[in-house]
Amino acid sequence: MDKQNQQQKKQSPSVSAFHTARELAAKEARENELAERKRQADAEDAAYHAREEYAKNLSENKVALMRMKQGVDSEETSALDLTEEPQKKYTLWQKISNWFYHSKWWLGIAAFCALLAAFLIYDAVTTKDPDMRVLVLTSDSYFTAQEPAFCELLTPFCEDYNKDGEVLVSTISIPINKALTESASAAAQSYNTQLTVQFQSAMSMLLLVDEDADECLDEELPFVDLESLFPQYDFIEGKRAYIENTKLAELIGMEQPIRKGTYLALRQPVENMDSLEENQEAYDIAYQALSQLLELITAEEGAS
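Before going further, it helps to spend a moment on helix H11 (residues 276-297). Helix length check: H11 (22 residues) gives 31 Å between terminal C-alpha atoms against 32 Å at 1.5 Å per residue, within 8%. Here H11 has its buried residues at Asn279, Ala282, Tyr283, Ile285, Ala286, Ala289, Leu290, Leu293, Leu294 and Ile297. The buried side chains of H11 occupy one side of the element, clustering within an arc of 165° when seen end-on. Opposite the buried face of H11, by more than 90 degrees, sit the exposed residues Glu277 and Glu295.

Aromatic ring pairs: the centre-centre distance and the angle between the two ring planes describe each pair. All told, the structure shown has 7 aromatic pairs when counted by the stated rule. Centroid distance Phe199 to Phe223: 6.4 Å. Interplanar angle 40°. Geometry classified as tilted. On the criterion of sequence distance, the pair formed by Phe199 in helix H7 (residues 186-199) and Phe223 in the loop between helix H8 (211-214) and helix H9 (226-229) is long-range, its members being 24 residues apart. Ring plane angle 25° and centroid distance 6.2 Å describe the contact between Tyr283 and Tyr287, whose orientation is recorded as stacked. Of this pair, Tyr283 and Tyr287 both sit in helix H11, 4 residues apart, which is roughly one turn of the helix. Accessibility expressed as a relative area gives 13% for Tyr283, which makes it buried. An aromatic cluster is built from Phe230, Tyr233, Phe235, Tyr283 and Tyr287, whose rings are joined through pairwise contacts. In this structure, Arg240 packs its charged tip against the face of Tyr263, placed 5.0 Å from the ring centre.

Bringing empty space enclosed by the protein into the picture now. Empty space left among the atoms is revealed by rolling a probe the size of a water molecule over them. Taken as a whole, this structure holds 1 cavity of 30 Å³ or more when the rule is applied. Of the volumes computed, that of the largest cavity is approximately 40 Å³. Forming the walls of the largest cavity are Thr138, Asp140, Phe143, Leu208, Asp210, Ile258, Arg259 and Thr262. Classifying every residue of the lining of the largest cavity gives 3 nonpolar, 2 polar and 3 charged.

Judged by side-chain polarity, Leu92, Trp93, Ile96, Trp99, Phe100, Trp105, Trp106 and Ile109 come together as a nonpolar surface patch covering roughly 980 Å² of accessible area. Within the secondary structure layout, Trp106 lies in helix H3 (residues 92-126). When its relative accessible area of 36% is taken as the criterion, Trp106 is described as partly exposed.

Packing of helix H5 (residues 147-154) against H11 leaves a shortest axis separation of 10 Å and a crossing angle of 105°. The angle between the axes of H5 and H11 places the two elements in the roughly perpendicular class. Contacts between H5 and H11 involve Phe150, Leu153 and Leu154 on the former and, on the latter, Ala289, Leu293 and Leu296. Across the contact of H5 with H11, the residue classes tally to 6 nonpolar, no polar and no charged.

A word on the pairing of strand E3 (residues 206-209). Alternating residues of E3 divide into Leu206 and Leu208 and Leu207 and Val209, and every residue in both groups is buried. Both strand E1 (residues 132-137) and E3 contribute to a ladder of 4 bridges, which runs parallel. Directly across from Val136, in E3, lies its bridge partner Leu208. Judged from the 4 bridges that link them, E3 and strand E6 (residues 263-266) form a sheet pairing that is antiparallel. Bridge pairing in E6 places Leu207 opposite Ala265.

The nonpolar side chains of soluble globular proteins are, as a tendency, buried together. In this structure, Met132, Phe150, Leu248, Leu293 and Leu294 are the most contacted members of the largest nonpolar core, which totals 39 residues. For this core, the secondary structure elements donating two or more residues are E1, H5, E3, helix H10 (248-251), E6 and H11. In terms of residue count, the dominant contributor to this core is H11 (9 residues). Beyond its immediate chain neighbours, meaning those up to four positions away, Leu248 contacts Phe150, Leu153, Leu208, Ile243, Ile258, Leu293 and Ile297.

Next up on the list: unusual backbone geometry. Working note: non-glycine residues mostly have negative phi, and peptide bonds are mostly trans. Its identity is not glycine, yet Lys163 carries a phi of approximately 60°, on the positive side. Within the element layout of this structure, Lys163 appears in the loop between H5 and strand E2 (169-173).

The next thing to look at is the side chain of Thr246. Looking at where Thr246 falls in the secondary structure, it is placed in the loop between strand E5 (240-242) and H10. Thr246 sits in the buried class, given a relative accessible area of 16%. At 2.7 Å, the side chain of Thr246 forms a polar contact with the backbone oxygen of Ile243. Once residues within four sequence positions are removed from consideration, Thr246 is found in contact with Phe235 and Ile297.

Moving on, we come to the pattern of salt bridges. Within the structure shown, the criterion is met by 7 salt bridges. Note that Arg39 and Glu36 form a salt bridge whose closest N and O atoms lie 2.6 Å from each other. With Arg39 and Glu36 both in helix H1 (residues 2-69) and 3 residues apart, this pair spans about one turn of that helix. A relative accessible area of 48% places Arg39 in the partly exposed class. Judged by its relative accessible area of 33%, Glu36 falls in the partly exposed class. Note that Arg133 is salt-bridged to Asp129, the shortest N-O span being 3.3 Å. For Arg133, a relative accessible area of 23% translates into the label partly exposed.

Cut-offs used in this document
- Residues numbered from 1 in each chain as written.
- Predicted model: local features only at pLDDT ≥ 70, side-chain atom pairs only at ≥ 80, totals over all residues.
- Heavy atoms only, no water.
- Helix = DSSP H or I, 4+ residues; strand = E, 2+ residues; numbered from the N terminus.
- Expected span 1.5 Å × (residues − 1).
- Buried < 20%, exposed > 50% of the residue type's maximum accessible area, 1.4 Å probe, protein only.
- Arc of directions from axis to C-beta.
- Phe/Tyr/Trp six-rings, centres within 6.5 Å; stacked < 30°, edge-to-face > 60°.
- Lys NZ or Arg CZ within 6 Å of the ring centre and 35° of its normal.
- 1 Å grid on protein atoms, 1.4 Å probe; cavity = no way out; pocket = protein on both sides within 12 Å on 5 of 7 lines; lining within 4 Å.
- Points joined across faces, edges and corners; volume = space filled by probe spheres on them.
- Nonpolar A, V, L, I, M, F, W, Y, C, P; charged D, E, K, R; others polar.
- Patch = residues over 30% accessible without salt bridge, like charges linked within 9 Å, V, L, I, M, F, W, Y side chains within 5 Å.
- Areas by Shrake-Rupley, 256 points an atom, 1.4 Å probe, with all protein chains shown as cover.
- Salt bridge = Lys/Arg side-chain N within 4 Å of Asp/Glu carboxyl O.
- Axes fitted to C-alpha atoms, helices over the stretch in contact; angles between N-to-C directions.
- Parallel < 35°, antiparallel > 145°, perpendicular 65-115°, else oblique.
- Contact = heavy atoms within 4.5 Å.
- Pairing = 2+ DSSP bridges.
- Core = buried A, V, L, I, M, F, W, Y, C linked by side-chain atoms within 4.5 Å.
- Polar contact = N/O pair within 3.5 Å; in protein donor to acceptor, adjacent residues only side chain to side chain.

What follows is the structure in structure tokens.
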């Protein structure tokens, strides 16, 4: 027991010193933390008072400036610092950059308009105006593929009516059928609109129509009675010149026969969006081409 008591007495001073050091360190840390909090609080308070003072001075300056503009002299106006800042000088490049920055919104609009105008001018200059157009109403892909050959076949029957130095025949193709036109699709709306425009203008007086497209056409459309105009052809019935049994498919290089029920028709010249004179002129061109085309597709082999 005496030995244990002696050992505890030897260890007690070191343990006591350790606790004392730890307490001193904790006290010092606590004091540092309190000092930091006080510093932050003093800084926030100083910032708050600075903002308050700035706002007060700004308000007083505004009031003094208004009084001065109104012609009221006072000690407040004399205390107001009205010193103007010296005008900043910009380099040429800085001036150009600044101008572009502040003008970018209308420069964008101007650039868009310029590009649009350039496209329209280019399109007007490069687009050729045909001397005659044929309205093709068929979804027969075999015939559609040979439309350029069909136009080439008609070219000798036309003249340079628009005086541009070139004879050009083109087609306006609208692949309509009853199922499509009765649907609510965007394509159906587009085709119906195109068809309406065609029948309300003098653009295309000669038509090629297949049996499916014929179901979509109004029976009251003003077509010419071809049977009375060309009584020599037995394949013409009333307003329709049926061409599936003629040489047309062979002449334009079709590998398949023309769809049954396909016919040629001629619109009567009536006043619509275009004048009666314009419709009559387009009709005369189409009539001349149709007359020679019928003769060609029914000619005997070896006939001149």
